[in-house]
Amino acid sequence: MAAAITTLAAGEPTLSAANTGFMLICSALVMLMTPALAFFYGGMVRVKSTLNMLMMSFISLGIVTILWVLYGFSIAFGTDSASLVGWSSDYVGLSGIGITELWPGYTIPVYVFAVFQLMFAIITPALISGALADRVKFTAWALFITLWATIVYFPVAHWVWGTGGWLFEMGVIDFAGGTAVHINAGAAALGVILVIGKRVGFKKDPMRPHSLPLVMLGAGLLWFGWFGFNAGSWLGNDDGVGAVMFVNTQVATAAAMLAWLIYEKLRHGSFTTLGAASGAVAGLVAITPAGGSCSPLGALAIGAVAGLVCAMAVGLKYKFGYDDSLDVIGVHLVGGVIGSLLVGFFATGGVQSDAKGLFYGGGLEQLGKQAIGVFSVLAYSLIASAILALIIDKTMGMRVSEDDEVAGIDQVEHAETAYDFSGAGGGIAGRTAATSAAPAPAPTENKKVDA
């Protein structure tokens, strides 16, 4: 994130209409990613869980927005306290910010920076939901989002991107969210599912995606929105760094998709649409922390590694017995770790900063910093998320009953179903009515009937 790297230019910056407009567009693109994620996840579940999966993403748009305005922005980006959290009274309620007040060192208003960062805060807990499909009470999920954003996401965002945050001061590179977003969400997903347990029928019943077209639509919209997510994280468009990030995002995503498909063909004998969509997302995840520090060739390598390793990692849930419903751990946690660590190999020293990775003569120093960032965020989010889930489970209950899960969480939690075919004229009744209303066909002789 640019706020944790350098200023755009020497001297006192002035408001740039071009950069402000660019960042508002990027903010809208990142907002689109949460509905896109809802489609992506919604197509991957069974029919009886579709609406619940959509709502688990959409509710984050409501809850996190309110928290961010009230105190989240202040905790994440306020004046540093002990390198762990921030706090600025002017940011509470966004009430003390002038409409033309600039984010320090940049040419965009504080309001624009705040709304851009809000979209990151919204999608991060939504990412967790894919691991919990089919079995979590909606009220419990809403409470979990509230607590998790407050206790985990806002402080971690300060560590990584806030001036004075301990990982920022150490020099950990995370351009757009490998640690703060993807590792954070993936580790949280693991912590929660270790508490709430497996779905009924896990490893026994078929749990195939009900709508692969919906999955592909979601993946395509995620890919589109991710350009705002990544290129916008430089907070301006004056020096070409955002353009490099845009190119690297495309290159890594393409490489990861192809690598996943090749692995899938060699391992399982088919090129699947689900594999293409998952591979693309794995590449997007991996390039998110690294794309501002590497060349396009480095991005190609990072994407290829992520596509291959994430494709292998999604099967670990069957080996180790944790029920990660939609592969949040295999894609977001593993992809985030890959991208964050590979900064230590592929950083050229000539894009966002002068930090160099091992392959560019920088030795192991940057790799060591990246490892500290990766495993500190992973451990904190895993432990804190498990504790939050345990508290909720022991008080109000985190899961629906087994009978409700089998019957379908959409009907139980939302009193709706995703698809209503009652008016489509299908079924026996529809065919009978259509037959009785149609005139009888004229008799024919020697009519050929095809098998």
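Just above sits the structure.
Only a predicted model underlies this, so the values are computations on that prediction, with no experimental measurement involved. (Residues numbered from 1 in each chain as written. Predicted model: local features only at pLDDT ≥ 70, side-chain atom pairs only at ≥ 80, totals over all residues. Heavy atoms only, no water.)

Student: Would you mind going over helix 12 (residues 328–346) in detail, with residue names and values included?
Tutor: When the terminal C-alpha atoms of helix 12 are compared, their 25 Å separation across 19 residues agrees well with the 27 Å that a helix rising 1.5 Å per residue should span. In terms of burial, helix 12 is a largely internal element, 17 of the 19 residues being buried. (Helix = DSSP H or I, 4+ residues; strand = E, 2+ residues; numbered from the N terminus. Expected span 1.5 Å × (residues − 1). Buried < 20%, exposed > 50% of the residue type's maximum accessible area, 1.4 Å probe, protein only.)

Student: With reference to specific residues and values, describe unusual backbone geometry.
Tutor: At leucine 94, a position not held by glycine, the phi torsion is positive, near 50 degrees. Its place among the elements puts leucine 94 in the loop between strand 2 (85–87) and helix 3 (110–128). One non-glycine residue with positive phi stands out, namely aspartate 327, at about 65 degrees. With respect to the secondary-structure elements, aspartate 327 resides in the loop between helix 11 (316–320) and helix 12.

Student: Describe in detail the environment of isoleucine 372, supporting the description with residues and values.
Tutor: Within the secondary structure layout, isoleucine 372 lies in helix 13 (residues 365–395). Its relative accessible area of 40% is what places isoleucine 372 among the partly exposed residues. Distance from isoleucine 372 to isoleucine 128, taken between C-alpha atoms, is 23 Å for residues 244 residues apart in sequence. Non-local contacts of isoleucine 372, meaning those with residues more than four positions away in its chain, are made with Trp166, Leu167 and Met170. (Contact = heavy atoms within 4.5 Å.)

Student: Describe the pattern of salt bridges, listing the residues and the values that go with them.
Tutor: Here the structure, examined in full by the defined rule, presents six salt bridges. Between aspartate 134 and arginine 46 there is a salt bridge, with the nearest N and O atoms lying 3.1 Å from each other. Within this pair, whereas aspartate 134 is found in the loop between helix 3 and helix 4 (138–161), its partner arginine 46 is found in the loop between helix 1 (17–44) and helix 2 (50–77), the two being separated by 88 residues in sequence. For aspartate 134, a relative accessible area of 3% corresponds to the buried category. A salt bridge links arginine 399 to glutamate 405, with the shortest nitrogen-to-oxygen separation between them at 2.7 Å. Glutamate 405 sits in the buried class, given a relative accessible area of 4%. (Salt bridge = Lys/Arg side-chain N within 4 Å of Asp/Glu carboxyl O.)

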